[in-house]
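A structural walkthrough
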Amino acid sequence: MILDGKALAAELRANIAKRVTALRAAGHRAPGLAVVLLGSDPASQVYVGSKVKQTEAAGMLSFEHRLSAETTEAALLDLVARLNADPAVDGILVQLPLPKHIDSSRVIEAIDPAKDVDGFHPVNAGRLATGLPALVPCTPRGCVLLAKRARADLAGLHAVIVGRSNIVGKPLAQLLLQENCTVTIAHSRTRDLPAVCRLADILVAAIGRPRMLGAEHVKPGAIVIDVGINRVPKDEGGTRLVGDVDYEAAAAVASAITPVPGGVGPMTIACLLDNTLMACERRGA
Ligand SMILES: NC(=O)c1ccc[n+]([C@@H]2O[C@H](COP(=O)([O-])OP(=O)(O)OC[C@H]3O[C@@H](n4cnc5c(N)ncnc54)[C@H](OP(=O)(O)O)[C@@H]3O)[C@@H](O)[C@H]2O)c1
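It should be emphasised that the depicted structure is a prediction, and the values quoted were computed from it without experimental measurement.

1. Here's the deal with the overall build of the protein chain
For the protein chain, the count of helices and strands is ten helices and ten strands. In terms of C-alpha radius of gyration, the protein chain reaches 19 Å, essentially the compact-globule figure of 19 Å for 285 residues. The dimensions of the protein chain, computed from C-alpha atoms along their principal axes, are 50 × 40 × 35 Å. Counting across all 285 residues of the protein chain, residues that qualify as buried make up 46%.

Shown next as structure tokens:
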């Protein structure tokens, strides 16, 4: 079974657009998402462009702040403070990575947790870890929704997540615990990674290394979720996107697998729109 993230994300976006229409019909203003981008990194430009387009397509307002790579940390913190205070803004997203002269943690901590639609603020991370309502990071939410397409009830399954970042691996572990999975997190110091991965009923790769996991990492019948997005050279020139999983090798052993592109990637923006709508509803303003 190919877990089609493009189709599932389109379903989610259509549902969000309906909810936005209903909210507006009830006399509420449109939810607003502010996106802040520093510099001209080509991948970030593409992400921000898609976010703006899909926000508007869902009937929400998009506030774009494209700043130069030389913007000072003080100026960025000042912008975040203004967005925190702006009643038309429900969600604030500062596109990462930030230029080296800026402390990302300080910027993330400056965002009002109620508007932290990326779910990276320590308050939201702590709320997620303690089972309180939280704004949850978008990519891990997308992973869980895709896994549930393969099997509606994940309870009792052993999930192995390779990668322990704050934006993917750790929050995903919390979400899968909430689904009553048994969760193992592997990383660069894990011993005998193939043997650990072969324990997985759900194997998630969030590593950032092209096609690192092959057939020897996959238990027959496992659900494989590939978060990796890596640009590699093509034999015939140019580049293409591949995941952290060797798709053909793993697909021959797995029961369900996400492709790259078209798997986890499209789910991330759909979950971002859902978080923005949720933040708007919770603020009630
Ligand atoms: N689809 C999307 O929307 C989306 C969103 C976010 C990220 N991504 C992609 O997902 C991938 C991971 O992103 P990230 O931000 O989580 O990366 P990250 O912060 O660089 O973390 C990578 C993790 O992989 C582990 N790792 C590295 N080499 C390993 C090895 N040889 N064996 C086992 N573990 C290893 C690292 O272990 P240590 O902790 O020990 O160093 C680390 O925990 C990237 O390809 C990124 O582009 C996609």
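2. With respect to the packing of helix α1 (residues 5-25) against helix α6 (residues 138-150)
Contact geometry of α1 with α6 gives a least axis separation of 11 Å together with a crossing angle of 110°. Taken together, the axis directions place α1 and α6 in an arrangement best described as roughly perpendicular. Contacts between α1 and α6 involve Gly5, Leu8, Glu11 and Leu12 from the former and Leu145, Leu146 and Arg149 from the latter. Within the contact of α1 with α6, the residues separate by chemical class into four nonpolar, one polar and two charged.

3. Let's talk about the sheet that holds strand β5 (residues 182-186)
Strand order in the open sheet made by the five strands is β5-β4-β6-β7-β10, with parallel pairing throughout. Every other strand in the sheet has two partners, leaving β5 and β10 (256-257) as the edge strands with one partner each. Judged from the four bridges that link them, strand β4 (residues 158-162) and strand β6 (residues 202-205) form a sheet pairing that is parallel. When the bridges of β6 are listed, Ala159 appears paired with Ile202. Its contacts with the sheet put α6 on β7 (223-226) and β10, and the angle it makes with β7 is roughly 155°.

4. Points about the side chain of Lys51
By the element assignment, Lys51 lies in helix α2 (residues 42-57). Buried and unpaired, Lys51 has Asp118 as its nearest opposite-charge partner, separated by 5.7 Å.

5. Comments concerning the site of the ligand
Close to the ligand lie 22 residues; Arg164, Ser165, Ser188, Arg209 and Thr268 are nearest. In the environment of the ligand, an oxygen atom lies 2.5 Å from a nitrogen or oxygen atom belonging to the side chain of Ser188. Take Ile229: an N or O atom from its main chain is 3.1 Å from an oxygen atom of the ligand. Calculation on the ligand without its partners gives an accessible area of 920 Å², and the protein chains cover 70% of this total. Split into classes, the residues belonging to the shell around the ligand amount to ten nonpolar, ten polar and two charged.

Cut-offs and rules
Going along each chain's sequence as written, the residues are numbered from 1 onward. Predicted model: local features are reported for residues with pLDDT of at least 70 only, side-chain atom pairs are reported and counted for 80 or more only, and whole-chain, interface and lining totals are derived from all residues. By convention in this description, side-chain values take in all heavy atoms of the structure and omit both hydrogens and water. Strands are runs of DSSP state E lasting at least two residues, helices are runs of H or I lasting at least four, and both sets are numbered from the N terminus onward. Note on method: radius of gyration uses C-alpha positions; expected globular size equals 2.2 Å times residues raised to 0.38. Exposure categories follow from relative accessible area, calculated using a 1.4 Å probe and restricted to protein chains: below 20% of the type maximum is buried, above 50% is exposed, and the middle band is partly exposed. To obtain each axis, a line is fitted to C-alpha atoms, and for helices this fit is confined to the stretch in contact; angles are then taken between N-to-C directions over 0 to 180 degrees. Each angle is binned into one of four classes, with values under 35 degrees roughly parallel, values over 145 roughly antiparallel, values of 65 to 115 roughly perpendicular, and all other values oblique. Contacts are residue-level and defined by heavy atoms, with any inter-residue pair within 4.5 Å sufficient. By the convention adopted, Pro, Cys, Tyr, Trp, Phe, Met, Ile, Leu, Val and Ala count as nonpolar, Lys, Arg, Asp and Glu as charged, and the other residues, Gly among them, as polar. Two strands form a pair only when DSSP identifies at least two bridges running between them. Charged-residue counts in this description rest on Lys and Arg as positive and Asp and Glu as negative, His and the chain ends being excluded. Take a side-chain nitrogen of Lys or Arg and a carboxyl oxygen of Asp or Glu: if they are within 4 Å of each other, that pair is a salt bridge. We call a residue near a molecule or strand when any one of its heavy atoms sits within 4 Å of it. Here a polar contact is taken to be a pair of N or O atoms separated by no more than 3.5 Å, where protein atoms must pair a possible hydrogen donor with a possible acceptor and residues adjacent in sequence count only if both atoms sit in side chains. A 1.4 Å probe and the Shrake-Rupley method give the accessible areas. Residues count as covered only by the protein chains that appear here.

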